[in-house]
Amino acid sequence: KYDEGIEHLKSFSSNDLLVQARAYALIGDAYMEKKSVEDAITYYKKAADYQPNKTFTPVYLMKLATAYEVAKDNKAAIETYAEIIEKYPDSAEVINAKKFKSKLEGMLGE
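Reading the values: the criteria
Residues numbered from 1 in each chain as written. Predicted model: local features only at pLDDT ≥ 70, side-chain atom pairs only at ≥ 80, totals over all residues. Heavy atoms only, no water. Helix = DSSP H or I, 4+ residues; strand = E, 2+ residues; numbered from the N terminus. Buried < 20%, exposed > 50% of the residue type's maximum accessible area, 1.4 Å probe, protein only. Polar contact = N/O pair within 3.5 Å; in protein donor to acceptor, adjacent residues only side chain to side chain. Contact = heavy atoms within 4.5 Å. Expected span 1.5 Å × (residues − 1). Axes fitted to C-alpha atoms, helices over the stretch in contact; angles between N-to-C directions. Parallel < 35°, antiparallel > 145°, perpendicular 65-115°, else oblique. Left-handed = near helix turned anticlockwise from the far one by under 90°. Nonpolar A, V, L, I, M, F, W, Y, C, P; charged D, E, K, R; others polar.

Draft legend 1. Examining the side chain of S91 more closely. Looking at where S91 falls in the secondary structure, it is placed in the loop between helix 5 (74-87) and helix 6 (94-108). Owing to a relative accessible area of 11%, S91 belongs among the buried residues under this scheme. Only 2.9 Å separates the side chain of S91 from the backbone oxygen of Y88, close enough to count as a polar contact. Excluding residues that lie within four positions of it along the chain, S91 makes contacts with K54, P58 and I84.

Dropping the structure here:
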């Protein structure tokens with residue numbers, strides 16, 4: 001029932017910055033499950049860009065980077081991992097961001 005979930009979440013609106021960003025991320029998750037990666041990327045970007053904060057934004061950026069990898073856009077994935085490393089160095093996601101960025105850079109010979 002991913003389509004129903006997507007439609008429900010798209011019609012959802014909240015002034016609460018954490019709840020609205022989470023709704024965007026959930027839409028992205030549903031699109032990933034449906035293998036609609038480009039749509040997932042759009043919503044993960046919305047989640048990451050909506051009132052950025054040090055707790056949740058790195059999580060959404062990791063989802064975005066993963067979606068870029070699935071879409072075979074390794075350059076965008078590397079840039080997204082770099083954003084986590086640079087802007088959110090104290091986040092729990094930074095360790096994996098460094099690891100995955102290095103792996104991709106090795107694959108691209110950078």
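Alright, that's what it looks like, and here's the rest.
Draft legend 2. Geometry of helix 4 (residues 57-70). Helix length check: helix 4 (14 residues) gives 20 Å between terminal C-alpha atoms against 20 Å at 1.5 Å per residue, within 8%. Taken together, the buried positions of helix 4 are T57, P58, Y60, L61, M62, L64, A65, A67 and Y68. K72 sits one or two residues past helix 4 and shows a positive phi near 65°.

Draft legend 3. Representation of helix 3 (residues 37-49) within the structure. Look at helix 3: 18 Å from first C-alpha to last across 13 residues, which is about the 18 Å you get at 1.5 Å a residue. Looking at helix 3, one finds that the buried residues are V37, A40, I41, Y43, Y44, A47 and A48. Just beyond helix 3, the residue with positive phi is Q51, at close to 45°.

Draft legend 4. Up close: the packing of helix 3 against helix 4. One can describe the packing of helix 3 onto helix 4 by two numbers: an axis separation of 9 Å at closest approach and a directional angle of 160°. In terms of their interaxial angle, helix 3 and helix 4 are classed as roughly antiparallel. In this structure, helix 3 crosses over helix 4, and the sense of that crossing is left-handed. When helix 3 is examined against helix 4, the residues V37, I41, Y44, K45, A47 and A48 are found in contact with a partner set consisting of T57, Y60, L61, K63, L64, A67, Y68 and V70. Per-class residue counts for the contact of helix 3 with helix 4 are 11 nonpolar, 1 polar and 2 charged.

Draft legend 5. Just the packing of helix 4 against helix 5, in detail. In the contact formed by helix 4 and helix 5, the axes pass within 8 Å of each other and the chain directions differ by 165°. Judged on the interaxial angle alone, helix 5 and helix 4 are roughly antiparallel. Classified by chirality, the crossing of helix 5 by helix 4 is left-handed. Note on element contacts: helix 5 touches helix 4 through N74, A76, A77, T80, Y81, E83 and I84, opposite P58, L61, M62, L64, A65, T66, Y68 and E69. Broken down by class, the residue content of the contact of helix 4 with helix 5 amounts to 10 nonpolar, 3 polar and 2 charged.

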